[in-house]
Amino acid sequence: MFVTIDLQTLTDALSNHMPSVLRWCGAAAKRLRHFDVAVTGKTSGSPTSDALTLADLIVQELLVAALRDCDPIFRRCRIEGEEYTGDMEHFAKESEYTIALDPIDGTKHYRDKTRNGYAVMLNVQTEETVVYSLVYIPETGPHGTWVEACGERIVCGEDDPTRPAEEVLRSIPPVDP
């Protein structure tokens, strides 16, 4: 049996801690892309998703470490990553919430340098639905682009590296549905 987690407390903690981490991860991914970072051996059976880079492994390692260290509430959630790297064993085996990581969404295009729309993604989901999503797209816009969805509030806008990432996200007006 798992301990109940207050969703508002969880999403507040994610919104306060993780934007700066995703920005750091995006900067690392953007820099690593200048090198040959392809890693062989990923075989899921789908050629469109069988791409792996050192950036996937490093970015996920950073995300998992930040989630482990930033707030104890994160360790009360299950964690799923695209790869198995990082201290994932420090997270709950059972929980109503799962933190799902995609360190480099769009790895094949990232690796092949065919598009710049790759992203660092963090989602929180239940068995039924996604309840929180934070996405940083490092090479879209002059300094990257943010997407955050929490409940009915969805924001999408350009990053401003002269300000803390959390402040930038709070200043982006919500999308009008």
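This report concerns the structure included in the present document. (Residues numbered from 1 in each chain as written. Predicted model: local features only at pLDDT ≥ 70, side-chain atom pairs only at ≥ 80, totals over all residues. Heavy atoms only, no water.)

**A word on the nonpolar core**
Thought 1: By size, the foremost hydrophobic cluster in this structure holds 40 residues, and its most contacted members are Met18 and Leu67.
Thought 2: Considering every element that reaches this core, the biggest residue donor is helix α1 (residues 7-32), with 9 residues.
Thought 3: If we skip the residues at most four places from it in the chain, methionine 18 touches Ala13, Leu63, Ala66, Leu67, Leu122 and Leu134. (Core = buried A, V, L, I, M, F, W, Y, C linked by side-chain atoms within 4.5 Å. Buried < 20%, exposed > 50% of the residue type's maximum accessible area, 1.4 Å probe, protein only. Helix = DSSP H or I, 4+ residues; strand = E, 2+ residues; numbered from the N terminus. Contact = heavy atoms within 4.5 Å.)

**Quick word on the pattern of salt bridges**
Thought 1: Evaluation of the coordinates by the stated rule reveals 6 salt bridges.
Thought 2: Note that aspartate 69 and arginine 68 form a salt bridge whose closest N and O atoms lie 2.7 Å from each other.
Thought 3: Across the salt bridge formed by arginine 78 and glutamate 80, the nearest N and O atoms sit 3.2 Å from each other.
Thought 4: The class for arginine 78 is partly exposed, based on a relative accessible area of 26%.
Thought 5: Given the relative accessible area of 34%, glutamate 80 is considered partly exposed.
Thought 6: In the salt-bridge network here, residues are joined through shared partners; they are Arg68, Asp69 and Asp87. (Salt bridge = Lys/Arg side-chain N within 4 Å of Asp/Glu carboxyl O.)

**Considering the sheet that holds strand β2 (residues 98-105)**
Backbone hydrogen bonds are what pair the strands of a sheet, in a parallel or an antiparallel way.
Thought 1: In spatial order, the strands read β1-β2-β3-β4-β5-β6; together these 6 strands make up an open sheet with mixed pairing. In this open sheet, the two edge strands, each paired with only one partner strand, are β1 (78-81) and β6 (153-158). With strand direction ignored, the average angle separating the axes of adjacent strands in the sheet is 10°.
Thought 2: The pairing of strand β5 (residues 145-150) with β6 spans 6 bridges and is antiparallel. Looking at the pairing, cysteine 150 lines up with arginine 153 of β6.
Thought 3: On the sheet, α1 packs against β2, β3 (119-125), β4 (130-137) and β5 and is oriented at approximately 20° with respect to β4.
Thought 4: Packed on one face of the sheet, helix α2 (residues 54-70) meets β1, β2 and β3 and runs near 150° to β2. (Pairing = 2+ DSSP bridges. Axes fitted to C-alpha atoms, helices over the stretch in contact; angles between N-to-C directions.)

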